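Observations on chain architecture
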Amino acid sequence: MNIDLTRRGFLRLAGAGVAATSLGALGFGEAEAAELAHVRDFKLTATTEARNTCPYCSVACGVILYSRVDEQTGKKRIFHIEGDADHPTNRGTLCPKGSALKDFVNAPTRLTEPRVRRPGAAEFEPISWDEALDKIARAVKDDRDANFMSLNETGVPVNRWTTMGFLAASATTNETAWLTYKVVRSMGIVGFDNQARV
Ligand code: SF4
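Residues numbered from 1 in each chain as written. Predicted model: local features only at pLDDT ≥ 70, side-chain atom pairs only at ≥ 80, totals over all residues.

Focus: the sheet that holds strand β7 (residues 157-167)
Spatially, β6-β7-β8 is the arrangement adopted by the three strands of the open sheet, whose pairing is mixed. For this open sheet the edge positions go to β6 (149-151) and β8 (189-193), each flanked by a neighbour on one side alone. Each strand of the sheet is rotated relative to its neighbour by a mean of 30 degrees, with strand direction disregarded. For β7 and β8, the ladder comprises four bridges, and the chain directions are parallel. The residue bridging Trp161 from the neighbouring strand is Ile189, located in β8. (Pairing = 2+ DSSP bridges. Helix = DSSP H or I, 4+ residues; strand = E, 2+ residues; numbered from the N terminus. Axes fitted to C-alpha atoms, helices over the stretch in contact; angles between N-to-C directions.)

Have a look at this one:
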């Protein structure tokens with residue numbers, strides 16, 4: 001950088017330097033220590049990084065989740081989320097919703113387990129993933145057995161199952177989306193959609 005310094009400017013600058021040095025000699029150097037005391041540790045020190053996808057919309061921006069063991073609970077906790085600069089979709093940027101992901105992840109009201117409301121019950125109760133998946137598989141099989149249509153009323157093969165719908169998430173990889181499409185269509189499901197229209 002070029003600085004255009006006149007002789008008068010140089011003398012003024014030198015004077016200021018002498019004054020600052022004199023203040024330090026008079027004890028004002030403690031201000032520097034006080035300033036240092038306010039410098040925070042780098043917040044990403046000793047963290048584990050994990051890459052993921054923002055769950056909100058079909059743009060499917062890449063995010064990096066930073067976690068470490070919480071001293072109070074002894075459990076791992078995500079304490080910082082930022083856009084993934086290497087992700088081809090967002091290249092490190094996030095919209096306001098994505099930027100607030102940390103509060104969504106750590107929200108005390110967030111559902112973290114499957115729940116069921118039994119026949120006649122007023123409240124939902126938590127169940128294991130095994131039980132939840134068994135119940136879903138049973139319901140899917142029973143409905144398909146009862147309603148799958150091989151031929152339409154004129155005898156034309158249609159192989160469709162119109163009493164079941166499938167709502168998928170678009171924030172997936174191409175491979176997952178391809179697999180989802182194959183599974184859903186191979187069962188004859190017609191009603192199939194998500195935000196990105198896979
Ligand atoms: S950060 Fe915003 S634009 Fe990107 S996926 Fe999330 S909600 Fe959509």
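Next, the rest of the story.
Looking at the sheet that holds strand β2 (residues 62-69)
Spatially, the three strands line up as an open sheet ordered β1-β2-β3, and their pairing is antiparallel. A single partner strand is all that each edge strand has here, and the edge strands are β1 (48-53) and β3 (76-83). Looking at each pair of strands side by side, their axes are set apart by 30 degrees on average, direction ignored. Bridge analysis of β2 against β3 gives seven bridges, and the strand direction is antiparallel. When the bridges of β3 are listed, Ser67 appears paired with Ile78.

Topic: helix α6 (residues 174-186)
For α6, with 13 residues, the first-to-last C-alpha span of 18 Å sits near the 18 Å given by 1.5 Å per residue. Directly beyond the C-terminal end of α6, a positive phi value near 95 degrees is found at Gly188. (Expected span 1.5 Å × (residues − 1).)

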